[in-house]
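The residues making up each chain are set out below.
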Amino acid sequence: MMLKPTRMMLALIAVAAAPVFAQNVATVNGKAIPASKVDQVVKQVVAQGQQPDSPQLREMIKKDLIGREVLIQEADKQGFGTKAEVKAAIENARQSIIINAMLADYLKKNPVKEADMKAEYDKYKSAMGEKEYHSRHILVGTEQEAKDIIAKLKNGGKFEELAKVSKDGSANNGGDLGWMTPGKLVKPFADAMVALKNGEITQTPVKTEFGFHVIKMEESRAVKLPSFEEVKGQINEAMQQRKIAALREELMAKAKIQ
C-alpha cells in the first residue's frame, strides 16, 4: 500500500534537496556556475580590501561570472581557443600563475627576519648620514672652465647667472640641487660639499665622472628619516625580491642550459 506524502514529508524532502540546488548560482546554456566560484572571487575581493562581503557584492560577482560565461561560450564557438596566439598567451598566463604560486610558498617558508630588516634599516640610516644639504653647482666639461668660473665668482660674479652654462638641468634654476643627503651623491662631490660652510664656494674644481663642478653651499639641517615601522613594509618587500632573485640565480646555476 502506497502512502500519500504528507506536507511534513514534502518539507523534509525539500530541505534535503536544497543544498544540491544551492551548489550552483546559475546555469548558462546548460553550463553550471558553482556557488564555490562566487565564494572564491568574494574571498579575493575582501582580502584585497576593496569591499566587505555583502549580498550586493555577491550579486555583482554573480552577474559578472554569468557575463564571462556567455562570452567564453561564444568565443569557443568561434574557435578563438584554438588560435596559436591565444594558446601562447594562455601558456604564458599558466606559467606566471604557477611560478607566482611557487614563489609565494617559498617566501612563506623562508620569510624575511625582523632582525635582518632592522639591520637593513640601520645600514640605510648610516648611509644617509645625520645631515642633509641644500647646495648649488655648476657642471662643465673641463677643469679650466671650472677655474674660470671660480675666478669670476671671486670677482663678484653671481652664481645663479654663471650656472646658466651648467651641462645639466639645474642650469635652468641657478644650479639649485635642492635638499640632498651625501649618500645620494657621488663621493668626490659629497666630500667637497660637506666640507663647505653656509655661503661658501669650492676654491678648486671638483672632478667626478660627470665632469668638473663648482659647488656652493646654501644651508644644512638635521635629517628627518622615517621610523623603522614606517618603512618596514618597503624594506620587507625589497628583501623579498632579493630572496627571489637569489633563488632564481641558484636554480639557473644548477640547470643544464645549452
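Residues numbered from 1 in each chain as written. Predicted model: local features only at pLDDT ≥ 70, side-chain atom pairs only at ≥ 80, totals over all residues. Heavy atoms only, no water.

1. Observations concerning the overall build of the chain
So, point 1. A tally of helices and strands in the chain yields nine helices and six strands.
So, point 2. Taking 258 residues into account, the globule formula puts the C-alpha radius of gyration at 18 Å, and the chain, at 33 Å, lies well above it.
So, point 3. Here the chain, with 258 residues, has 25% of them falling under the buried criterion.
So, point 4. Taking the contacts inside the chain whose residues are at least 6 apart along the sequence as the reference set, 64% of them involve residues at least 24 apart.
So, point 5. Here the chain has roughly 18400 Å² of accessible surface; of this, 56% comes from carbon and sulfur atoms.
So, point 6. Within the chain, the 33 negative side-chain charges are centred at a point lying 5 Å from the centre of the 40 positive side-chain charges. (Helix = DSSP H or I, 4+ residues; strand = E, 2+ residues; numbered from the N terminus. Rg over C-alpha atoms; globule rule 2.2 N^0.38 Å. Buried < 20%, exposed > 50% of the residue type's maximum accessible area, 1.4 Å probe, protein only. Contact = heavy atoms within 4.5 Å. Areas by Shrake-Rupley, 256 points an atom, 1.4 Å probe, with all protein chains shown as cover. Lys, Arg positive; Asp, Glu negative; His and termini not counted. Charge placed at Lys NZ, Arg CZ, Asp CG, Glu CD.)

2. Some words on the packing of aromatic side chains
Aromatic ring pairs are reported here in terms of the distance separating the ring centres and the angle at which the planes meet.
So, point 1. All told, the structure shown has two aromatic pairs when counted by the stated rule.
So, point 2. Each residue in the set Tyr121, Tyr124 and Phe228 is aromatic and connected to the rest through ring pairs, giving one cluster.
So, point 3. The cationic tip of Lys83 hangs over the ring face of Phe80; the distance from NZ or CZ to the ring centre is 5.3 Å.
So, point 4. Positioned over the ring face of Trp179 is Arg221, at 3.8 Å from the centre of the ring. (Phe/Tyr/Trp six-rings, centres within 6.5 Å; stacked < 30°, edge-to-face > 60°. Lys NZ or Arg CZ within 6 Å of the ring centre and 35° of its normal.)

3. Observations regarding the environment of Met193
So, point 1. Checked against the element boundaries, Met193 lands in helix H8 (residues 187–194).
So, point 2. Taking the C-alpha atoms as reference, Met193 lies 10 Å from Ser220; in sequence the two are 27 residues apart.
So, point 3. Discounting residues that sit within four places of it in the chain, Met193 has contacts with Tyr133, Ser135, Pro182, Leu185, Ile215 and Met217.

4. Observations regarding helix H6 (residues 143–154)
So, point 1. Taking 1.5 Å per residue, 12 residues should reach 16 Å; H6 reaches 17 Å between its end C-alpha atoms and fits that length.
So, point 2. Every buried residue of H6 is accounted for by Ala146, Ile149, Ile150 and Leu153. Taken end-on, H6 shows its buried residues confined to a sector of 100°, consistent with a single buried face.
So, point 3. Among the structural elements, strand E3 (131–140), helix H7 (159–162) and strand E6 (211–222) are those in contact with the buried residues of H6.
So, point 4. Trailing H6 by a residue or two, Gly156 shows a phi angle of about 100°, which is positive. (Expected span 1.5 Å × (residues − 1). Arc of directions from axis to C-beta.)

5. Things to note about unusual backbone geometry
So, point 1. The residue Asn29 is not glycine, and still its phi comes out positive at about 50°.
So, point 2. Position of Asn29 among the secondary structure elements: in the loop between strand E1 (24–28) and strand E2 (31–34).

6. A look at the sheet that holds strand E5 (residues 206–208)
So, point 1. Sheet architecture is open: four strands sit in the order E4-E3-E6-E5, paired in antiparallel fashion. Only two strands of the sheet have a single neighbouring strand rather than two, namely strand E4 (176–180) and E5. Averaged over neighbouring strand pairs, the angle between their axes works out to 40° when direction is ignored.
So, point 2. Strand contacts of H6: E3 and E6, with the helix running at about 50° to E6, the strand carrying the most contacts. (Pairing = 2+ DSSP bridges. Axes fitted to C-alpha atoms, helices over the stretch in contact; angles between N-to-C directions.)

7. Describing the pattern of salt bridges
So, point 1. All told, the structure shown has 18 salt bridges when counted by the stated rule.
So, point 2. When the shortest N-O distance is used, the salt bridge between Asp105 and Lys109 registers 3.1 Å. In this pair, Asp105 and Lys109 are both assigned in helix H4 (residues 84–109), four residues apart and thus about one turn of the helix distant.
So, point 3. Using a relative accessible area of 34% as the deciding quantity, one classes Asp105 as partly exposed.
So, point 4. Of the charged contacts, one joins Arg221 and Glu132 as a salt bridge, the two residues approaching to 2.7 Å between their closest N and O atoms. Taken together, the residues Arg221 in strand E6 and Glu132 in strand E3 connect sequence positions 89 residues apart.
So, point 5. Exposure remark for Glu132: the relative accessible area of 14% places this residue in the buried category.
So, point 6. Put simply, Arg136, Glu160, Lys216 and Glu218 are held in one network by salt bridges that share partners. (Salt bridge = Lys/Arg side-chain N within 4 Å of Asp/Glu carboxyl O.)

8. Section: the nonpolar core
Taken as a class, soluble globular proteins show a tendency for nonpolar side chains to be buried jointly.
So, point 1. Core analysis: the biggest nonpolar cluster contains 11 residues, these being Ile138, Val140, Ala146, Ile149, Ile150, Leu153, Phe159, Leu162, Ala163, Phe212 and Val214.
So, point 2. When residues of this core are traced back to their parent elements, those giving at least two are E3, H6, H7 and E6.
So, point 3. Ranked by residue count, the leading element in this core is H6, at four residues.
So, point 4. Contact partners of Ile150, with chain neighbours within four places excluded, come to Thr202, Gln203, Thr204, Pro205 and Val214.
So, point 5. The next biggest cluster of nonpolar side chains, apart from the first, holds 10 residues, and it includes Met193, Leu196, Ile215 and Met217. (Core = buried A, V, L, I, M, F, W, Y, C linked by side-chain atoms within 4.5 Å.)

9. Some details on the UniProt feature "domain: PpiC" (unreviewed entry) in the chain
So, point 1. Mapped onto the present numbering, the UniProt feature "domain: PpiC" (unreviewed entry) falls at residues 130–219.
So, point 2. Segment residues 130–219 splits into 27% helix and 30% strand. End C-alpha atoms: 14 Å apart. (UniProt positions renumbered as here; feature names shortened; annotations may be inferred.)

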